[in-house]
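Fold and geometry: a report
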Amino acid sequence: MALLALLAAIVAQAPAHANDSLPPAPYAYTQLADPAQEKVARDLMDTLRCLVCQGESIADSNASLAGDMRNIVRMRIAAGEQPEAIRAWLMQRYGSYVSYKPVMSAQTWPLFAAPVALLALAAFLLRGRFARRKPEDKSA
């Protein structure tokens, strides 16, 4: 049991000892020479989420992973790849969470269906609440 606790402690400390002293990727902070390609790359980077920061796009993040992702996007745009193909590759590699533009899938359909279901439930409840009541017959 002590060996297992020691192993868990070592594994927990591994990220603290990770080597982040490598130089940034070539296109992490360097724009493409063609302004049209750079605009396409920049537009795509604005729609991709930094997996470290999780609240910023990779275009705005200073995390090294975001720099690597910017490098990938710029290299693939320079090679002539379409932005949606790059997005699909990144989503395949990092999961659908990386994209600010969610796609309908077996895992995400409840996210798309929940607002519609909640609106239908609210309409049903409000219909019963605000339905006009017929005046009561007082002749009896």
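Structure first, text after, so check above.
If you're wondering where the values come from, they're calculated on a predicted model, not measured in any experiment.

Analysis parameters
Residues numbered from 1 in each chain as written. Predicted model: local features only at pLDDT ≥ 70, side-chain atom pairs only at ≥ 80, totals over all residues. Heavy atoms only, no water. Axes fitted to C-alpha atoms, helices over the stretch in contact; angles between N-to-C directions. Helix = DSSP H or I, 4+ residues; strand = E, 2+ residues; numbered from the N terminus. Left-handed = near helix turned anticlockwise from the far one by under 90°. Contact = heavy atoms within 4.5 Å. Nonpolar A, V, L, I, M, F, W, Y, C, P; charged D, E, K, R; others polar. Disulfide = S-S within 2.5 Å. Phe/Tyr/Trp six-rings, centres within 6.5 Å; stacked < 30°, edge-to-face > 60°. Lys NZ or Arg CZ within 6 Å of the ring centre and 35° of its normal. Expected span 1.5 Å × (residues − 1). Buried < 20%, exposed > 50% of the residue type's maximum accessible area, 1.4 Å probe, protein only. Arc of directions from axis to C-beta. Core = buried A, V, L, I, M, F, W, Y, C linked by side-chain atoms within 4.5 Å. Salt bridge = Lys/Arg side-chain N within 4 Å of Asp/Glu carboxyl O.

**Considerations on the packing of helix H3 (residues 64-78) against helix H4 (residues 83-94)**
Angle between the axes and distance between the axes: these two values describe a pair of packed helices. Taken N-terminus to C-terminus, the directions of H3 and H4 make an angle of 145°; their axes are 10 Å apart at the nearest point. Both H3 and H4 take part in a crossing whose hand is right-handed. Residues Leu 65, Met 69, Ile 72, Val 73, Arg 76 and Ile 77 of H3 lie in contact with H4, whose contacting residues are Pro 83, Ile 86, Trp 89, Leu 90 and Tyr 94. Counted by class, the contact of H3 with H4 contains 10 nonpolar, no polar and 1 charged residues.

**Looking at the state of the cysteines**
In the structure shown here, the tally under the stated rule is 0 disulfides. Cys 50 forms no disulfide, and the closest cysteine sulfur to it belongs to Cys 53, at a distance of 3.5 Å.

**Points about the packing of aromatic side chains**
All told, the structure shown has 0 aromatic pairs when counted by the stated rule. Just above the ring of Tyr 97 sits the side chain of Arg 49; from NZ or CZ to the centre is 4.1 Å. Between the NZ or CZ atom of Arg 76 and the centre of the ring of Trp 89, over which it lies, the distance is 4.0 Å.

**Side note on H4**
Taking 1.5 Å per residue as the helical rise, H4 with its 12 residues ought to reach 16 Å, and the 16 Å between its terminal C-alpha atoms agrees with that figure. Inspection of H4 places Ile 86, Arg 87, Leu 90 and Met 91 among the buried residues, and these make up the whole buried set. Down the axis of H4, the buried set is contained in an arc of 135°. They therefore lie on one face. For H4, the exposed residues set more than 90 degrees away from the buried face come down to Gln 92 and Arg 93. For H4, the secondary structure elements touched by its buried residues are helix H2 (35-45) and H3.

**Brief notes about the nonpolar core**
Grouped burial of nonpolar side chains is what soluble globular proteins tend to show. Formed by 17 residues in total, the largest nonpolar core has its most connected members in Ile 58 and Val 73. For this core, the secondary-structure elements that each account for two or more residues are H2, H3 and H4. By residue number, the principal contributor to this core is H3, which donates 4 residues. Non-local contacts of Ile 58, meaning those with residues more than four positions away in its chain, are made with Met 45, Leu 48, Arg 49, Cys 50, Ala 66, Met 69, Arg 70 and Val 73.

**Overview of the pattern of salt bridges**
Scanning the model with the defined rule gives 4 salt bridges in all. When the shortest N-O distance is used, the salt bridge between Glu 38 and Arg 74 registers 2.9 Å. Of the two residues, Glu 38 is situated in helix H2 and Arg 74 in helix H3; the sequence distance between them amounts to 36 residues. The two residues Glu 38 and Arg 74 agree in class, both being buried. In this structure, the salt-bridge partner of Glu 81 is Arg 76, at a minimum N-O distance of 3.2 Å.

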